[in-house]
There are 2 protein chains.
Amino acid sequence: MHFGQEQLHALPHRYRTTLINSVAGFKSANLIGTVAKDGKTNLSIFNSVFHLGAHPPLLGMIVRPHSVPRGTLENILDTGAYTINHVHRDIFTASHQTSARYADEVSEFTATGLSEEWKDQFPAPFVAESRIKLGMDYREHQTLAINQTVLVIGEISAIHVPDSSLGEDGFVDLEAAGSVAVIGLDSYHRTTRLDRLSYAKPDTKPIGVGH
Amino acid sequence: MHFGQEQLHALPHRYRTTLINSVAGFKSANLIGTVAKDGKTNLSIFNSVFHLGAHPPLLGMIVRPHSVPRGTLENILDTGAYTINHVHRDIFTASHQTSARYADEVSEFTATGLSEEWKDQFPAPFVAESRIKLGMDYREHQTLAINQTVLVIGEISAIHVPDSSLGEDGFVDLEAAGSVAVIGLDSYHRTTRLDRLSYAKPDTKPIGVGH
């Protein structure tokens, strides 16, 4: 099947949303935990967290002001902090449910049954049920003129991972921790490793290096 | 295991690279096809392609000028076009090999055995062996001051997907097409669907909706 530019422009709105959200490839699923100045917590699932660099340790994410409840972005700007908590296979249904439009006074933690976890005096709530959790310090944001989405950049200031998922070289085995991969907006997948490959060099073929 | 800010700063460089590249969650694996003004083709694997919006259909990607051969970015700016080709389980080893630093005059297509595919007069090469392929029109780029990486934004102008992977609602079943998910820089995974969930509403729990 082939869609050209004219066909893409002519597609029904919802069909195009689903199509375009699928075709970039597998995405991460993360719960973003924040708190408002009045103490009300917020938890939202995001599929748009991405690696920006390791030195310093930076992650980006895309916020859609018009389609996502704005609480997350407002809270990040107000408090300077947020948490990133991996969705794993035992919590993906509750995690998906955080995207429902609850009334303003309702915390998604309460509504979905996921539990707030406050630790090490970090100023935003982690998700107790999550296994891989990051404390993030807000660094900067910008509205992208091309489509009015907001790019938020944060620096990782804390990492919590299970001992059993952490390799000797710093590799975190997300599969062992049950983290899921996502297609589009709603399709959740577990994974099975094909191989871990050696650093590529011109004169040799990659070989599997196991863990 | 817990890493705080001081521990993160004190980690050996390579360990930190591996750790930080793992912790954002699963990533996509895409081959970026370009051509230089002199006709030399370039193919590079990227794990940093991400969804930016469906209306218009935009994807972003992060280019690291100092660690990735610069050919990809130069070619995009020179020609205004590139292709995004999904890595699937039958080509992940050859795809990984495109990251080797070949001599300037060598095309990664020739070096890795992946095949150029020119079609519909699109001005950049697709990968014949790939199953999901996007033609991209360059829109804009910017260097992010925080770490000197480059954010490249393109608009999808063509989509090629197997009939068997395309659902009635526009959903593209990447799993059926064999697309892989990646941890970090080198760990490739196939997937198994847990469920596809209905749109979340405050008063009901998500239910599986199948395909």
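Our subject is the structure listed above.
Report follows, based on the coordinates. (Residues numbered from 1 in each chain as written. Chains lettered and ligands numbered in written order. Predicted model: local features only at pLDDT ≥ 70, side-chain atom pairs only at ≥ 80, totals over all residues. Heavy atoms only, no water.)

The final tally for this structure, using the stated rule, is 12 salt bridges over all chains. Beyond isolated ion pairs, a larger network of salt bridges with shared partners links E117(A), K119(A) and K133(A). (Salt bridge = Lys/Arg side-chain N within 4 Å of Asp/Glu carboxyl O.)

Right, let's talk about the interface of chain B and chain A for a bit. At the junction of the two partners, chain B supplies 100 residues and chain A supplies 101 residues. Between chain B and chain A, roughly 8,900 Å² of surface is buried when both sides are summed, and carbon and sulfur atoms account for 62% of that area. If you look at where chain B meets chain A, you find 2 salt bridges. Between R196(A) and D186(B) there is a salt bridge, and its shortest N-O distance comes to 2.9 Å. Linking chain B with chain A are 53 residue pairs in polar contact (both at pLDDT 80 or more). Take the side of chain B that touches chain A: its biggest share by element is 10 residues, from strand β13 (residues 187-196) of chain B. Looking at side-chain class alone, the side of chain B that touches chain A contains 44 nonpolar, 34 polar and 22 charged residues. Judged from the 2 bridges that link them, strand β1 (residues 2-3) of chain A and strand β11 (residues 150-160) of chain B form a sheet pairing that is antiparallel. Of the residues in β11(B), the one forming a bridge with F3(A) is I159(B). (Contact = heavy atoms within 4.5 Å. Buried area = accessible area lost by both parts, 1.4 Å probe. Polar contact = N/O pair within 3.5 Å; in protein donor to acceptor, adjacent residues only side chain to side chain. Helix = DSSP H or I, 4+ residues; strand = E, 2+ residues; numbered from the N terminus. Nonpolar A, V, L, I, M, F, W, Y, C, P; charged D, E, K, R; others polar. Pairing = 2+ DSSP bridges.)

Below, the discussion takes up the side chain of S187(A). Residue placement: S187(A) occurs in strand β13 (residues 187-196). At 3.0 Å, the side chain of S187(A) and the side chain of R193(B) are in polar contact.

Right, let's talk about the relation of the copies chain B and chain A for a bit. Taken together, a rotation about one axis and a shift along it account for how the two chain copies relate. Of the two same-sequence chains, chain B is brought onto chain A (RMSD 0.0 Å, axial shift 0.0 Å) by a rotation of 180 degrees. Expressed as an axis order, the relation between the two copies is that of a two-fold axis. If distances are taken from each C-alpha of chain B to the rotation axis, the shortest is found for T191(B), at 2.1 Å. In this assembly the copies share their binding face: 100% of the residues contributing to the interface of chain B also contribute to that of chain A. (Least-squares fit on C-alpha atoms with pLDDT ≥ 70 in both.)

What the 6 strands build is an open sheet, ordered β2(A)-β12(A)-β13(A)-β13(B)-β12(B)-β2(B); its pairing is antiparallel. Across the chains shown, the open sheet's two edge strands, defined by having one partner strand only, are β2 (27-28) of chain A together with β2 (27-28) of chain B. For β2(B) and strand β12 (residues 181-183) of chain B, the ladder comprises 2 bridges, and the chain directions are antiparallel. In the strand pairing of β12(B), S28(B) is matched with A181(B).

Residue and element names in this part refer to chain A. Most of strand β5 (residues 50-54) sits inside the fold, with 5 of its 5 residues counted as buried. Strand direction decides the pairing type here: β5 and strand β6 (residues 57-63), joined by 4 bridges, are antiparallel. Along β6, the bridge assignment pairs H51 with L59. Connecting the antiparallel pair β5 and β6 is a turn made up of 2 residues. (Buried < 20%, exposed > 50% of the residue type's maximum accessible area, 1.4 Å probe, protein only.)

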